[in-house]
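What follows is the residue order along each chain.
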Amino acid sequence: MSEELVKTVQDMLKEETWTRATISNYTKNNLIELAGIVEKTRAENCVDTIKEVCDEHLTHSKDSIIALYLSGMLGLGKGTLDNSSLVTLVDIFQKNHKETVVDYLCESILADDANNKFALRTLAERYKSENNDKVWELYERIVKLDFEEADIAKQLAEHYENENDIDTAIDFYKKALLRYVTAKNYNMVKELWAKLLELIPDEIDFFLLVQRKVAKTISEDRSADLMHDLYDKYKKQGKWTTAIDILKLILSIDQKDMWARREIADCFKNKYAKHSHVDEYIRSSNLAQNFRNVFEAISDFEKHIAFDAHNYVFHRSWGVGLIRKVEGDTLIINFGKKAGIHEMSLKMAVNALTPLAKDHIWVLKATKPREELAKKVKAEKEWALRTIIKSFNNSCDFKRIKAELVPTILTNGEWTSWNSAAKKILDTDATFGVNPNDINQYIVREHEISQEEKLSNEFKAQKQFFARIDILMKYINTEETDKTNDLFADMFSYFTGYVKTITKVNEQILAAYLVVQQVSALIPSLAYPMKYTFKQIYDDIENPREMYELLKDTKNTSLKANFLQSIKMLPNWSDEFIKLFPTVLDKSMLILLINAGFTEKVQKMAITAFENYRDYRNAVIYLFKECQNDDWFVQANIPYEKQLIALINIIEQTFREINNHVNTTENKKINKAATLLLFKDDTLLKHMLSNDEDTVNRLYTLVDDLADLDSSIKATVRNRILEKYPDFKFHTTEEKSSTPRGMMVTAKKLEEKKALVQQIQTVEIPANAKEIAEARAQGDLKENAEYKAAKEHQHYLNVTLSKLQEELNRAVVFDPTTITTAVISFSTTATLLNKETNQDEKYTILGPWESDPDKGIISYMSPFGNALMDHKVGDELSFTINDHKYSFKVKSIAAAK
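What you are looking at is a predicted structure, and each value in this text was computed from that prediction instead of being measured.

### Brief notes about the packing of helix α8 (residues 134–145) against helix α9 (residues 151–162)
Here comes step 1: Two elements in contact, α8 and α9, have axes separated by 9 Å at closest approach and are oriented at 135°. The angle between the axes of α8 and α9 places the two elements in the oblique class. Between α8 and α9 the crossing geometry is left-handed. Only I152, A153, Q155, L156, H159 and Y160 of α9 make contact with α8, whose side of the interface consists of W136, Y139, E140, I142 and V143.
Here comes step 2: Of the residues assigned to the contact of α8 with α9, the class counts are 8 nonpolar, 2 polar and 1 charged.

The structure is reproduced here in structure tokens:
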């Protein structure tokens, strides 16, 4: 059937050439007939063949209407980015004034590709020439698709303003303004800046955003010029604080701007009009004089002006105080019960005191009852966050927020739940944002901004590449955000910049490629024309396993999964999955491979891993733990004992590398995993004890050779062996197995010691610090007995705490389920016959924390306890401690009560 269709098209092309059909003969019906050919071609699955025939024809008949139409529409259906055939065709019909045909052709193109910019623009021009109101709908589509199109965005804004749809007009004015900034068209920027100042004068965050973009894209001086107009608006409204902030921004660009210096002095006069010393402080700070650094002058003035009656201040030793009176240059300050009333000169106050606002968190903590403040903080989290952030120059990290609340207002337990809710508020409430220069610093906004602006600001403040990916994907995953917004386009362009020209593939290039690929699929209007296929990218990666590890997943996207999904599309994906599995360790990979018929490859990989365990340590651990009972693994016929020996050897290898300080963190992780697999559930012991004594001897020898293995594990293995084989002979060179690494303790004692550490840290040390401060305040430290006593107690507390913490770090909780009475060991009670006195003596073996010799409880770490360890019933033993000779016979061993 397709051969007939090819012949039909070839005949049509010949007929067109022979009859020399003129353009004047073509109508809309002719194109409808050709559209039928296109549909038939697609239905018969011969698109490539027909397109090839047409393209060949165009090499010698470049104006063939049939070839241009069929080639262009078939290419469009395939998703090709080459519109040249259709562009030529439209141009031919336009030149010949075939408007109806042009309209139909553009509509046909848009039916196949709704985002075809060429067809949209062509049709829009046609509608505009006819004064057809449909042009506005097309203009909106163009603006959404083309993020560089500023002129049409401006036309749309003016149109909606005339229609009295002000909100929509503002949206398009904003788009146009941002695009003119990108295009560096300052004249248009200034025009639209003025327009938006009329419409949205209070949206200062948007104007500051534009100012930053202008400073970066055009020039800082131009951005300062724009701020002059913004300043005038706020000055006329009498919003002095905001006006002053704008002037500070202008002065940060040009500190010698005398106009701005004079204006800021004028603003300060208006803001503090009721302050009796405002003129004096402006004069003494030399604020309006260009010989002094302007920001030093501003700081000087702001400190002086804050020292007025009924204002709060902070002194690092005396805490928060209230200025009661100002008498000339003398301040009279009440610092409360602790420090009392102090007189201080204004000059000294400027250096020694920090002015505080009445709603500063320190003031609230000093003046409000704790219970009242705690209740308000818990009930009004937004208020608490705003209060704390604004207390520190409107820039505060979460560590500071916690420090202000815990433990003075909230307990650690209360903080846990409060913290989660507060982070959610900071993340979602648009009145909170981040400092443009530091993503970790939160700020409070005067006005709520859109979620798009909030995320855009976070993106700009974030300096980490993978964290920026997370913000971009968060923007996409947030349902209410506008994905056609220019702010999003700016964020997206950051990543497209990485893939424009690729010389060497690193983790950032690969991640950017995966992100652009993902966004292009999710938002077709943003589809980016990639110059490179994934295969080309992948072929340039020297070590795919290392690259996989370098990719960083985030809360909102999984780059590693995207990477694997892209690899799955490669012709040799099975080989690449086999190579990557020892790093990825994801069972779904094995399932995909097995389901696709690559079971033998998977089995070979597993066999290789156990044979070359040194190079596949994580893979060995994963396969042993997760695949032990899988059919494919069972059928691979890897001897179970070989698997166990591989794990033992991995433990030995990791111990050696840890001792040599090689990849210590990773080796400790692998060592722990392998140790748990072998010993936690007695996996190794069960195999040993279910086989003959030769197997026990062979495997125990390997375990015993692990010099750094916790001796308590060895003790357990030995005791279990003795239970089954009482006469089993261990190596004579073996070390005492019941003396564990670290310090064995009972769970009860561990909790007691932890509670003691908590008591010292949270109660006794703070109380002692208070005692020292109070004693120091009495003066004359040399003759101060209270101060000396408090310092001696401080030394005692620090030494005690240090010793406890060192012991806690060494503590190993004894597992009572491992008690064995085969030998004297931890948590056993031994009855001994004293051969000197012929009397029985009982000793219970525990740790140094539980030791109580008067009650017969002996530490296994003491010389006496150590001498008893590992002896069996019937053993006779003699030893000397501190010149005293002991001689015993072991009569019985029982589990300690």
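### Structural notes on the confidence of the model for the chain
Here comes step 1: Predicted confidence across the chain gives a mean pLDDT of 89, with 97% of residues reaching 70 or more.
Here comes step 2: Note on residues 732–739: pLDDT is under 50 here. Beyond four places in sequence and across chains, it has 25 contacts.

### Concerning the pattern of salt bridges
Here comes step 1: Per the counting criterion, the structure on display carries 44 salt bridges.
Here comes step 2: Here K835 makes a salt bridge to E876, at a shortest N to O gap of 2.8 Å. Residue K835 is located in the loop between β10 (828–834) and β11 (839–846), and its partner E876 is located in strand β13 (residues 876–881); the two are separated by 41 residues in the primary sequence.
Here comes step 3: For K835, a relative accessible area of 41% gives the class partly exposed.
Here comes step 4: Here the residues in one salt-bridge network are E39, R42 and D112, joined through shared partners.

### Points about the sheet that holds β13
The strands that make up a sheet are held in pairs by hydrogen bonds between backbone atoms, and each pair lies either parallel or antiparallel.
Here comes step 1: Sheet architecture is open: 5 strands sit in the order β12-β11-β10-β14-β13, paired in mixed fashion. The open sheet terminates on both sides in strands that have one partner only, identified here as β12 (857–859) and β13. Each neighbouring strand pair of the sheet contributes to a mean axis angle of 45°, computed without reference to strand direction.
Here comes step 2: Of the pairings in the sheet, the one linking β10 to strand β14 (residues 884–895) comprises 7 bridges and is antiparallel in character. Counted as the bridge partner of L833 is K889 from β14.

### What to know about the nonpolar core
Here comes step 1: One finds Y69, F93, L230 and F307 to be the most contacted residues of the largest nonpolar core, which totals 116 residues.
Here comes step 2: Not counting residues up to four positions away in its chain, the partners in contact with F93 are I23, Y26, L31, I65, K98, V101, V102 and L105.
Here comes step 3: Core analysis: the next-biggest nonpolar cluster, separate from the first, contains 98 residues, F147, L510, V519 and F624 among them.

### Here we look at the sheet that holds strand β5 (residues 354–356)
Here comes step 1: Taking strand neighbours across the sheet as the criterion, the 5 strands line up as β4-β3-β2-β1-β5 in an open arrangement whose pairing is antiparallel. With one partner strand each, in any of the chains shown, β4 (341–345) and β5 form the two edges of the open sheet. Taken pair by pair, the neighbouring strands of this sheet meet at an average axis angle of 40°, ignoring direction.
Here comes step 2: Relative to β4, strand β3 (residues 330–334) is paired through 5 bridges, and the arrangement is antiparallel. Note that in β4 the partner of N334 across the bridge is I341.

### Details of unusual backbone geometry
Here comes step 1: Here the bond from V406 into P407 is cis, since omega is 5°, no more than 30 degrees from zero.
Here comes step 2: With respect to the secondary-structure elements, P407 resides in the loop between α23 (398–405) and α24 (412–428).
Here comes step 3: Phi is positive for L585, which is not a glycine, with a value near 55°.
Here comes step 4: Mapped onto the fold, L585 is located in the loop between α32 (573–584) and α33 (587–595).
Here comes step 5: Overall, the relative accessible area of 22% leaves L585 in the partly exposed class.
Here comes step 6: The backbone phi angle of N663 is positive, close to 45°, even though this residue is not glycine.
Here comes step 7: On the secondary structure map, N663 appears in the loop between α37 (640–659) and α38 (664–679).

### Thoughts on the pairing of strand β1 (residues 312–315)
Here comes step 1: Examined bridge by bridge, β1 and strand β2 (residues 319–327) share 4 bridges and lie antiparallel to one another. In the sheet register, H315 faces β2, and the bridge partner there is G319.
Here comes step 2: If you look at the hairpin formed by β1 and β2, you'll find 3 residues sitting between the two strands.

### Details of the packing of α9 against helix α10 (residues 166–182)
When two helices pack together, their arrangement is given by the angle between their axes and by how far apart the axes lie.
Here comes step 1: Two numbers describe how α9 lies on α10: the axes approach to 8 Å, and their chain directions differ by 160°. With respect to their mutual orientation, α9 and α10 come out roughly antiparallel. By crossing handedness, the relation of α9 to α10 is classed as left-handed. Each of D151, A153, K154, L156, A157, E158, Y160 and E161 in α9 lies in contact with α10, whose residues at this interface are I166, T168, A169, F172, Y173, K175, A176 and Y180.

Each value, and the rule that gives it
- Residues numbered from 1 in each chain as written.
- Predicted model: local features only at pLDDT ≥ 70, side-chain atom pairs only at ≥ 80, totals over all residues.
- Heavy atoms only, no water.
- Axes fitted to C-alpha atoms, helices over the stretch in contact; angles between N-to-C directions.
- Helix = DSSP H or I, 4+ residues; strand = E, 2+ residues; numbered from the N terminus.
- Parallel < 35°, antiparallel > 145°, perpendicular 65-115°, else oblique.
- Left-handed = near helix turned anticlockwise from the far one by under 90°.
- Contact = heavy atoms within 4.5 Å.
- Nonpolar A, V, L, I, M, F, W, Y, C, P; charged D, E, K, R; others polar.
- pLDDT = per-residue confidence, 0-100.
- Salt bridge = Lys/Arg side-chain N within 4 Å of Asp/Glu carboxyl O.
- Buried < 20%, exposed > 50% of the residue type's maximum accessible area, 1.4 Å probe, protein only.
- Pairing = 2+ DSSP bridges.
- Core = buried A, V, L, I, M, F, W, Y, C linked by side-chain atoms within 4.5 Å.

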